[in-house]
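Structural overview
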Amino acid sequence: MIFDVDRETLPREDLEALQLTRLRNLCERVYANVPHYRRRFDEAGISPADIRKLSDLKYLPFTEKQDLRNNYPYGLFAVPKENIVRLHASSGTTGKATVVGYTKRDLDNWAEMMARAFAAAGVSRRDLIHNAYGYGLFTGGLGAHYGAERLGATVIPVSGGGTKRQVQLLRDFGATVICCTPSYALYLHEASLEAGIDMRELPLRAGVFGAEPWSEEMRAEIEQKLGISAVNIYGLSEIMGPGVAIECADAKSGMHIFEDHFLPEIIDPVTGEQLPYGETGELVITTLTKEGIPLVRYRTRDITSLDRTPCSCGRTHMRMRRITGRSDDMLIIRGVNVFPQQIEAIIIEAEGTSPHYQIVVTRDGNLDNIEVQIEVSGDFFSDAIKNLQRREARIQKTIKEFLGVTAKVRLVEPRTIQRSEGKAKRVVDLREVN
Ligand code: ADP
Ligand code: K
Ligand code: ZN
């Protein structure tokens, strides 16, 4: 089912005309209301009136995550504070997080796009949706929630955690659709086996999975083990949250980007040059309708390619392929974004540790695990074991509190972590994804 047939099947010509009108309006709004953009446009010698065709997009300045951090918390907001009705923030509150604000219309559009996304995944108002994305500052939970309600489905706001109970709820309530990270879906499957429940015998029939990279092999595994149809959903809080793009259940081949609201491009992450459709590079998105925090050419750091070929489902919006990596060092641990620098900041604050550390990421079954190995500083090494253990526990707790991930912290002897002659190798990622 196509939720908004008019918009989702707009002929390319009409879609581009709409995009151009919205792009010009966006440029005027950010130039008039956001000092950061006025400065950037002036530096680039470009004024909103210079944007006459869609291909002029390439003259506009990029926006980077660092720009959001530099303007923390509200510096990039484009409307008076009283028009903002909700805030969300990216995971990670040490250093500077990124904060995003939504007007009433932004929330309305978001619900609309998540409703479109559910419909594309084959979900209808007759479905019961078990929403295991985290509720809170993270955009996943509430984003999916309001989309499900907009569609008219029944939403069960389970949020994350409490896996045993989730399995029981899945059985007792008889949800037909589940949303969560793909790794959590497999974790739920393991837990269900332990509870003597075969998920394939439950009414569950579809899953909407995202927030972290996954592969075709993992899709096959989930579909087989849970007895469902699984689709990929993409989003990021800076641009909106979940529902920026989704696979249609018809083709399951690339995620349609809701192009009437988001203008995508692919660039070479090193030179910043635009690449032709089909080539792999960094995804850049311009928000065409967002009011609270509109972004011009936001560099997502996600590596993918764009596919403009027609899709069997009838939607005209172009598709992005699976994300194959990131052009920065951000780790995604069970859906939560973590930058090594955030862990470093905690280590530096902690007593008795040296700044020599390494983060080891592994995949145990289907779950990501991180271990942070930190060298004890020389004068603390003679400490009693129980003191060391206490220090480990304290750092572990701080990481959980500030970054929202459970990491195993291990203090190691001085001078045991390999020194590097160039850039220190802080992250050892032993997971195999894609
Ligand atoms: P989200 O709620 O989508 O996780 P965040 O802002 O916390 O939002 O994280 C956004 C990042 O998560 C993206 O830039 C991307 O790296 C990753 N991500 C989101 N969805 C997917 C997906 N379907 N496949 C791969 N990575 C994804
Ligand atoms: K994420
Ligand atoms: Zn399609």
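What counts and how
Residues numbered from 1 in each chain as written. Chains lettered and ligands numbered in written order. Predicted model: local features only at pLDDT ≥ 70, side-chain atom pairs only at ≥ 80, totals over all residues. Heavy atoms only, no water. Helix = DSSP H or I, 4+ residues; strand = E, 2+ residues; numbered from the N terminus. Rg over C-alpha atoms; globule rule 2.2 N^0.38 Å. Buried < 20%, exposed > 50% of the residue type's maximum accessible area, 1.4 Å probe, protein only. Contact = heavy atoms within 4.5 Å. Areas by Shrake-Rupley, 256 points an atom, 1.4 Å probe, with all protein chains shown as cover. Lys, Arg positive; Asp, Glu negative; His and termini not counted. Charge placed at Lys NZ, Arg CZ, Asp CG, Glu CD. Donors = N, O, S within 2.8 Å, 3.2 Å for Na, K, Ca; no water. Tetrahedral: all angles 85-135°; square planar, octahedral: opposite > 155°, others 65-115°. Expected span 1.5 Å × (residues − 1). Pairing = 2+ DSSP bridges. Axes fitted to C-alpha atoms, helices over the stretch in contact; angles between N-to-C directions. Right-handed = clockwise from strand over helix to strand, strands pointing away. Domains from an automatic or database assignment. Buried area = accessible area lost by both parts, 1.4 Å probe. Salt bridge = Lys/Arg side-chain N within 4 Å of Asp/Glu carboxyl O.

1. Digging into the overall build of the protein chain
In terms of helices and strands, the protein chain carries eleven helices and 21 strands. Since a compact globule built from 434 residues should have a radius of gyration of about 22 Å, the 23 Å found for the protein chain is in line with a globular shape. Considering only C-alpha atoms, the protein chain reaches an extent of 70 × 60 × 40 Å along its principal axes. In the protein chain, buried positions account for 56% of the 434 residues. In the protein chain, the share of contacts with a sequence separation of at least 24, taken over all contacts with a separation of at least 6, comes to 66%. Taken as a whole, the protein chain presents about 19000 Å² of accessible surface, with 49% of it coming from carbon and sulfur. Across the protein chain, the mean location of the 56 positive side-chain charges is 3 Å away from that of the 59 negative side-chain charges.

2. A closer look at the coordination of the zinc ion (ligand 3)
Every protein donor of the zinc ion (ligand 3) is listed here as Cys248 (SG), His256 (NE2), Cys311 (SG) and Cys313 (SG), and their distances to the metal cover 2.1 to 2.3 Å. If you look at the zinc ion (ligand 3), its four donor atoms make angles of 101 to 114° with each other, and the shape they trace is tetrahedral. All donor residues of the zinc ion (ligand 3) come from one chain, and their arrangement in sequence is C-x7-H-x54-C-x1-C. Since its relative accessible area comes to 0%, Cys248 is described here as buried.

3. A word on helix H6 (residues 139-151)
Helical periodicity: at 3.6 residues per turn, an α-helix aligns residues three or four positions apart in one direction. Between the first and last C-alpha of H6 there are 18 Å, a value that for 13 residues agrees with the 18 Å anticipated at 1.5 Å per step. Where H6 is concerned, the buried positions are Thr139, Gly140, Gly141, Leu142, Gly143, Ala144, His145, Gly147, Ala148 and Leu151. Trailing H6 by a residue or two, Gly152 shows a phi angle of about 95°, which is positive.

4. Concerning the sheet that holds strand E21 (residues 427-429)
Read from one edge of the open sheet, four strands run E20-E19-E18-E21, paired in mixed fashion. Of all the strands in the sheet, the pair left with one neighbour each is strand E20 (407-412) and E21. Between one strand and the next, the sheet's axes are offset by a mean angle of 20°, whatever the strand orientation.

5. Details of helix H11 (residues 385-403)
With 19 residues, H11 should cover 27 Å at 1.5 Å per step; its first-to-last C-alpha distance of 27 Å lies within 8% of that length. Residues of H11 that are buried sit in contact with strand E17 (336-338), helix H10 (340-349), strand E18 (353-364), strand E19 (367-376) and E20. One or two positions beyond H11, positive phi appears at Gly404, with a value near 80°.

6. Here's the deal with the pairing of strand E3 (residues 128-131)
Direction of pairing for E3 relative to strand E4 (residues 154-156): parallel, over a ladder of three bridges. Counterpart to His130 in the pairing with E4 is Ile156. Where the polypeptide runs from E3 across H6 and back to E4, its parallel neighbour, the crossover connection is right-handed. Of the strand pairs in this sheet, E3 and strand E5 (residues 177-180) are connected by three bridges, and their pairing is parallel. The residue of E5 that forms the bridge with Asn131 is Cys179.

7. A few points about the domain arrangement of the protein chain
Under the domain assignment used here, the protein chain contains domain 1 (5-328) and domain 2 (333-429). A C-alpha centroid distance of 31 Å is found between domain 1 and domain 2. With both chains or domains summed, domain 1 and domain 2 bury close to 1300 Å², and 50% of this area falls on carbon and sulfur atoms. Along the contact surface separating domain 1 from domain 2 lie zero salt bridges.

8. What to know about the coordination of the potassium ion (ligand 2)
At the metal site, the potassium ion (ligand 2) is ligated by Ala211 (O), Gly335 (O) and Asn337 (OD1), and these contacts range over 2.6 to 2.9 Å. Geometry at the potassium ion (ligand 2) is irregular, judged from the six donor atoms that bind it and their angles of 58 to 162° at the metal. Residue class for Asn337 comes out partly exposed when judged on its relative accessible area of 22%.

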